[in-house]
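Geometric and topological summary
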Amino acid sequence: MHTGTHRLATEWQQWLAENLAQGATPEEIATALRAAGVSEEVAREEIAAAEKHPFVLAGRNIARRYARMEALMDLYSELHRQSGHHHGVEKRAGLSAEEFFTHYYFGHRPVVLQGLMEDWPALRRWSLDYFREHCGEVEVEIMSGRNANPNHAFEHDRHRATVRLAEFLRMIQEAGETNDFYMVPRNENWSREGLRRLREDVRAPSGIIDPALDPMMMTLLLGPAGTLTPLHHDNMNILLSQVLGRKHFKLVPSFQPHRVYPRHGTFSHVDVSNPDTTRHPAFQEADMVEVVLEPGEMIFIPVGWWHWVRALDVSASVSFHHFQIPEGNTHLMFPA
């Protein structure tokens, strides 16, 4: 529990400093330390020393600033509820580019767009057999061995593998429902010359996405039913287009990070599939909305919005992140 005669172990010193910074009283901390087996003398001595330490004093100042920011985010959350936007994700057909930017892009609200993929050859052509016939010999990067590592989402370099697309398609067909392998956005597959045929099957939504369709501004996602992306946020606005299969989305507003327990910056500690309300009680207060994305639909995910995604079928999606923003506005990026 402690090292030396009057010293707490490092992890307990850190715990003590964090709790003091966050406003716990010395008596509350002393009670917790005694319950953990620390003597009254050591507990009092360590608390007194910590209260005077410049690092703890600085931590208190930072904690006060965070508390003010959380209060502002709670105000945004209340306005969000009063607007009724917490009830679900709208599905809109025939939405003009002007209305999309005015109400959703600049309004920082997710929306499902319908009818904007009707001119896509991909909707008529794409299948695993089509991929195999036209691009089967192309080498692609996938993430594999995910089931063995619960931290695979942010330890991605450990899971990179290069395979022929035909082999990956065989894996998909034989696996059934699994999260063990997936072609995720974190790759350069879409830029490979061998996949040009697939890029030619895609069209830019008029007035919304840059018609140049720069391959570096797009990604291809492909995998079996059961692939799961844990709760996270992206650092830019995303328009994800569903070509094959369905995907189940759960989203939480960007202004509720204090309710999703951020981890490694862009990920969450919360297992959305089975939330632990004891460890993560504030998650129960998150305004989570759900929607199933069908083939031929696009979902706009605003920068910073938290989202969890599960493929309900064999799934192929194309995502865009280069918007044709009206003149006078700039591309938005979430701060690193």
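For the structure, check the block above.
Values in this document were obtained by computation on a predicted structure and should not be read as measured data.

Tallying secondary structure elements over the chain gives 9 helices and 16 strands in all. Along the longest, intermediate and shortest principal axes, the C-alpha atoms of the chain span 75 × 45 × 30 Å. Within the span of the chain, comprising 336 residues, buried residues form 44% of the whole. For the chain, the share of sequence-separated contacts (at least 6 apart) that also reach a separation of at least 24 residues comes to 78%.

Below, the discussion takes up the packing of aromatic side chains. For the structure shown, the criterion picks out 16 aromatic pairs. Their ring planes at 40 degrees and their centres at 6.0 Å tell us that Phe101 and Phe106 sit as a pair that is tilted. Residue Phe106 is classed as partly exposed on the basis of its relative accessible area, which comes to 39%. Among the aromatic residues, those joined into a ring-pair cluster are Phe100, Phe101, Tyr105, Phe106, Phe300 and Phe323. Over the ring of Trp308 we find Lys250, and its NZ or CZ is 4.8 Å from the ring centre.

Here we come to the sheet that holds strand β16 (residues 315-320). Strand order across the open sheet formed by 6 strands is β3-β4-β14-β9-β16-β7, with mixed pairing between neighbours. Of all strands in the sheet, those bounded by a partner on one side alone are β3 (91-93) and β7 (218-223). The average angle at which neighbouring strand axes cross in this sheet is 25 degrees, direction not considered.

It is worth spelling out the nonpolar core at this point. Counting residues in hydrophobic clusters, the biggest one holds 46 residues, and the most contacted among them are Phe100, Trp126, Phe131, Leu165, Phe168, Phe320 and Phe323. Take this core: its biggest share by element is 5 residues, from helix α8 (residues 165-175). Excluding residues within four positions of it along the chain, Phe100 makes contact with Leu95, Tyr105, Val111, Leu113, Ile208, Phe300 and Phe323. Formed by 17 residues, the second largest nonpolar core is a distinct cluster that contains Val112, Leu221, Val289 and Val291.

In this model helix α3 (residues 40-52) runs 19 Å from its N-terminal to its C-terminal C-alpha over 13 residues, within 8% of the 18 Å that 1.5 Å per residue would give. Buried within α3 are the following residues: Val42, Ala43, Glu46, Ile47 and Ala50. Seen from one end, α3 has its buried residues packed into an arc of 125 degrees, which puts them on one side. In α3, the exposed positions angled more than 90 degrees off the buried face are occupied by Glu41 and Lys52. Residues of α3 that are buried in the fold lie against β2 (7-8), α1 (10-21), α2 (26-35) and α4 (54-83).

As a further point, take the pattern of salt bridges. Inspection of the entire model under this criterion finds 20 salt bridges. Across the salt bridge formed by Arg92 and Glu99, the nearest N and O atoms sit 3.0 Å from each other. Residue Arg92 is classed as partly exposed on the basis of its relative accessible area, which comes to 21%. Ionic pairing is found between Asp201 and Arg125, a salt bridge with its closest N-O pair at 2.6 Å. A residue pair is termed long-range when its members are at least 10 positions apart, and Asp201 in the loop between α9 (196-199) and β7 and Arg125 in helix α6 (residues 121-125) qualify at 76 residues. Classification of Asp201 as buried rests on a relative accessible area of 0%. A network of salt bridges, in which partner residues are shared, links Glu27, Arg34, Glu40 and Arg44.

Of note, Arg259 is situated in the loop between β10 (247-252) and β11 (262-263). Arg259 sits 21 residues away from His280 along the chain, and the two C-alpha atoms are 8.1 Å apart. Among residues more than four places away in sequence, those in contact with Arg259 are Asp74, Ser77, Arg81, Ala282, Phe283, Glu285, Ala286 and Asp287.

Turning to the packing of α1 against α2, a few remarks are in order. Closest axis-to-axis distance for the α1/α2 pair is 10 Å, and the angle between their directions is 155 degrees. Taken together, the axis directions place α1 and α2 in an arrangement best described as roughly antiparallel. Crossing of α1 over α2 shows right-handed handedness. Within the contact between the two elements, α1 uses Trp12, Trp15, Leu16, Asn19 and Leu20 and α2 uses Ile29, Ala32 and Leu33. Per-class residue counts for the contact of α1 with α2 are 7 nonpolar, 1 polar and no charged.

This paragraph deals with a nonpolar patch on the surface. Together, Leu72, Leu75, Tyr76 and Leu79 give the surface a local cluster of nonpolar side chains, amounting to about 380 Å² of exposed area. Along the chain, Tyr76 turns up in helix α4. Classification of Tyr76 by relative accessible area gives partly exposed; the value is 41%.

Here we take up helix α7 (residues 128-135). Inspection of α7 places Leu128, Tyr130, Phe131 and Cys135 among the buried residues, and these make up the whole buried set. Viewed along the axis of α7, the buried residues span an arc of 160 degrees, placing them on a single side of the element. Facing away from the buried side of α7 by more than 90 degrees, the exposed set consists of Asp129 and Glu133. Those residues of α7 that are buried are in contact with α6, α8, α9, β7, β9 (238-244) and β16.

About the criteria used
- Residues numbered from 1 in each chain as written.
- Predicted model: local features only at pLDDT ≥ 70, side-chain atom pairs only at ≥ 80, totals over all residues.
- Heavy atoms only, no water.
- Helix = DSSP H or I, 4+ residues; strand = E, 2+ residues; numbered from the N terminus.
- Buried < 20%, exposed > 50% of the residue type's maximum accessible area, 1.4 Å probe, protein only.
- Contact = heavy atoms within 4.5 Å.
- Phe/Tyr/Trp six-rings, centres within 6.5 Å; stacked < 30°, edge-to-face > 60°.
- Lys NZ or Arg CZ within 6 Å of the ring centre and 35° of its normal.
- Pairing = 2+ DSSP bridges.
- Axes fitted to C-alpha atoms, helices over the stretch in contact; angles between N-to-C directions.
- Core = buried A, V, L, I, M, F, W, Y, C linked by side-chain atoms within 4.5 Å.
- Expected span 1.5 Å × (residues − 1).
- Arc of directions from axis to C-beta.
- Salt bridge = Lys/Arg side-chain N within 4 Å of Asp/Glu carboxyl O.
- Parallel < 35°, antiparallel > 145°, perpendicular 65-115°, else oblique.
- Left-handed = near helix turned anticlockwise from the far one by under 90°.
- Nonpolar A, V, L, I, M, F, W, Y, C, P; charged D, E, K, R; others polar.
- Patch = residues over 30% accessible without salt bridge, like charges linked within 9 Å, V, L, I, M, F, W, Y side chains within 5 Å.
- Areas by Shrake-Rupley, 256 points an atom, 1.4 Å probe, with all protein chains shown as cover.

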